[in-house]
Amino acid sequence: MENEKRTVRLIYPQWQGGDIVRWVPEIRNPDDAARGYFLGAQLLAFLAPHSSVQTLTVPVADGIAERRVTDGVLDRDAIVAQTRAAVSMLRAGDPDRIVTFGGDCSVSAAPFAFLAGKYGDDAAVIWIDAHPDITLPGDAYSGYHAMALAACMGLGDAKILAELPARIDPSRVLLVGLRDWERDEIRARQRELGIAHLAPQDVAGDSRAVVEWLEGCGASKVLIHFDLDVLDPADLVAAVGVVPDGMTVDQVVQLIGDIARAREVVGLTVAEPMPRTAVRIRDMLKRLPSLE
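This one's a predicted model, so the numbers in the text were calculated from it and none came from an experiment.

Visitor: Would you mind going over the environment of alanine 199 with me for this structure?
Guide: Assignment of secondary structure puts alanine 199 in the loop between β8 (196-198) and α8 (208-217). Measuring from C-alpha to C-alpha, the distance between alanine 199 and aspartate 180 comes to 9.9 Å, with 19 residues separating the pair along the chain. Discounting chain neighbours no more than four positions away, the residues touching alanine 199 are Gly177 and Leu178.

Visitor: Would you explain unusual backbone geometry in this entry?
Guide: For residues besides glycine, phi is generally negative; the peptide bonds are generally trans as well. Note the cis peptide between glycine 102 and glycine 103, where omega equals 20°. Looking at where glycine 103 falls in the secondary structure, it is placed in the loop between β5 (97-102) and α4 (109-119). A positive phi angle, near 55°, is found at aspartate 133, a position not held by glycine. At aspartate 245, a position not held by glycine, the phi torsion is positive, near 65°. Along the chain, the position of aspartate 245 falls in the loop between β9 (221-227) and α9 (249-262).

Visitor: Looking at this model, I keep getting lost on the nonpolar core. Mind explaining?
Guide: In summary, soluble globular proteins display a tendency toward joint burial of nonpolar side chains. Ranked by size, the top nonpolar core spans 61 residues in total, and within it Tyr12, Trp127, Tyr144, Leu149 and Ile168 carry the most contacts. Top contributing element to this core by residue count: α4, with 8 residues. If near-sequence neighbours (up to four positions away) are discounted, leucine 149 is found in contact with Trp127, Pro132, Asp133, Ile134, Val173 and Leu175. The next biggest cluster of nonpolar side chains, apart from the first, holds 30 residues, and it includes Ala48, Val222, Leu228 and Met247.

Visitor: Even after reading the chapter, I still don't get the packing of helix α2 (residues 36-47) against helix α10 (residues 276-287), so can you show me in this structure?
Guide: For any two helices packed against each other, the geometry comes down to the angle between their axes and how far apart the axes lie. Interhelical geometry of α2 versus α10 gives an angle of 105° and a closest axis separation of 10 Å. Relative to α10, the element α2 lies roughly perpendicular. Where α2 abuts α10, its residues Gly36, Leu39 and Leu43 lie against Ala278, Val279 and Arg282. Looking at the contact of α2 with α10 residue by residue, the class counts come to 4 nonpolar, 1 polar and 1 charged.

Visitor: Looking at this model, I keep getting lost on the pairing of strand β6 (residues 123-128). Mind explaining?
Guide: Both faces of the sheet carry side chains from a regular strand, because those side chains alternate between them. Most of β6 sits inside the fold, with 6 of its 6 residues counted as buried. Both β6 and strand β7 (residues 173-176) contribute to a ladder of 4 bridges, which runs parallel. Residue pairing in the sheet places valine 125 in a bridge with valine 173 of β7.

Visitor: Even after reading the chapter, I still don't get helix α3 (residues 76-93), so can you show me in this structure?
Guide: Because the α-helix completes a turn every 3.6 residues, residues three or four places apart line up on one side. Here α3 contains 18 residues, and its C-alpha end-to-end distance of 26 Å stays within 8% of the 26 Å for a straight helix at 1.5 Å per residue. For α3, the elements touching its buried residues are β1 (7-12), β3 (69-70), β4 (73-74), β5, α4 and α6 (158-161).

Visitor: Help me understand the pairing of β9, please; the structure alone is not making it clear to me.
Guide: Counted residue by residue, β9 has 7 buried out of 7 residues, so it is predominantly covered. Of the strand pairs in this sheet, β6 and β9 are connected by 6 bridges, and their pairing is parallel. Residue alanine 124 lies in a different strand from β9, and its bridge partner there is valine 222. Pairing geometry for β9 and strand β10 (residues 264-271), over 7 bridges, is parallel. The residue of β10 that forms the bridge with histidine 225 is threonine 269. At this point the chain moves from β9, through α9, to the parallel β10, and the crossover so formed is right-handed.

Visitor: Just to check I follow, could you spell out the packing of aromatic side chains for this structure?
Guide: Geometry of an aromatic ring pair is reported as the spacing of the ring centres plus the angle between the planes. Tallying each qualifying case throughout the model produces 2 aromatic pairs. Pairing tryptophan 23 with tyrosine 141 gives two aromatic rings, centres 6.0 Å apart and planes at 50°, and the pair type is tilted. Here tryptophan 23, found in the loop between β1 and α1 (30-34), pairs with tyrosine 141, found in the loop between β6 and α5 (148-152); they are 118 residues apart in sequence, far enough to count as distant. Overall, the relative accessible area of 41% leaves tryptophan 23 in the partly exposed class. Here tyrosine 141 falls in the buried class, since its relative accessible area comes to 12%. Where phenylalanine 112 meets tryptophan 127, the ring centres are 6.1 Å apart and the plane angle is 85°; that geometry is what we call edge-to-face. Highlighted residues: phenylalanine 112 in helix α4 and tryptophan 127 in strand β6, separated in sequence by 15 residues.

Visitor: Even after reading the chapter, I still don't get the side chain of aspartate 129, so can you show me in this structure?
Guide: Along the chain, the position of aspartate 129 falls in the loop between β6 and α5. Of the side chains with opposite charge, arginine 179 comes closest to the buried, unpaired aspartate 129, at an N-O distance of 7.2 Å.

Cut-offs used in this document
- Residues numbered from 1 in each chain as written.
- Predicted model: local features only at pLDDT ≥ 70, side-chain atom pairs only at ≥ 80, totals over all residues.
- Heavy atoms only, no water.
- Helix = DSSP H or I, 4+ residues; strand = E, 2+ residues; numbered from the N terminus.
- Contact = heavy atoms within 4.5 Å.
- Core = buried A, V, L, I, M, F, W, Y, C linked by side-chain atoms within 4.5 Å.
- Buried < 20%, exposed > 50% of the residue type's maximum accessible area, 1.4 Å probe, protein only.
- Axes fitted to C-alpha atoms, helices over the stretch in contact; angles between N-to-C directions.
- Parallel < 35°, antiparallel > 145°, perpendicular 65-115°, else oblique.
- Nonpolar A, V, L, I, M, F, W, Y, C, P; charged D, E, K, R; others polar.
- Pairing = 2+ DSSP bridges.
- Expected span 1.5 Å × (residues − 1).
- Right-handed = clockwise from strand over helix to strand, strands pointing away.
- Phe/Tyr/Trp six-rings, centres within 6.5 Å; stacked < 30°, edge-to-face > 60°.
- Lys, Arg positive; Asp, Glu negative; His and termini not counted.
- Salt bridge = Lys/Arg side-chain N within 4 Å of Asp/Glu carboxyl O.

The structure is reproduced here in structure tokens:
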């Protein structure tokens, strides 16, 4: 990567995109479970190697008010406001590369749309995820994190899309690690949109299929979304999703490294960290008697 290009770290602790309490029953307080992604983003930023690049933090409300579905999207108004804030920060800084630490899956929408506006058809998306994230408002599930890739392609809630500066054509999107379509209509939608995909076994220790897709796509810039639920729970449980037969940490690291050697990576998101143990330790500490 050339030194003169400007890179920023975007800390984006958005949690409102998920409706996840039922999937983390070990966290007894449902509000703490709902906001687990907020802590997860902070932990990712803390654990990541030190960097001298500028860090931007998207202001995200962490208070629990009444959670409501508006036009088919849970907590839609908070998401609109936070998307607007993220895009505004990126426009002001005008980076060439963005590393994003989330937060739920939807944190890729703002930086990817910003970079799509900068690079146009010269940018492709590799979406490394157990799920396709192409749910739409009105589907059975109202969590925006399941709509994240759809939003990147310009599909979904009109008010959220109005805050995104550009869209990415489905022909320039590759899903990697996909193994859970969730519902039949999602599988059908993927076919209708023409989004290519590779299963975990297609890239296990061998990235050639991804590199060949990039060669066919023709884009020289790549935006990578790494959802931690792509990982096999037998290797590491780091997300809400724990679908078996996923990729190992080593396989994902090799894949992203191979992509970076083949093309210029201008966007990298790590999303969906659910620090179950850290949330429970925090709850434990709150319950201890204070000696201060």
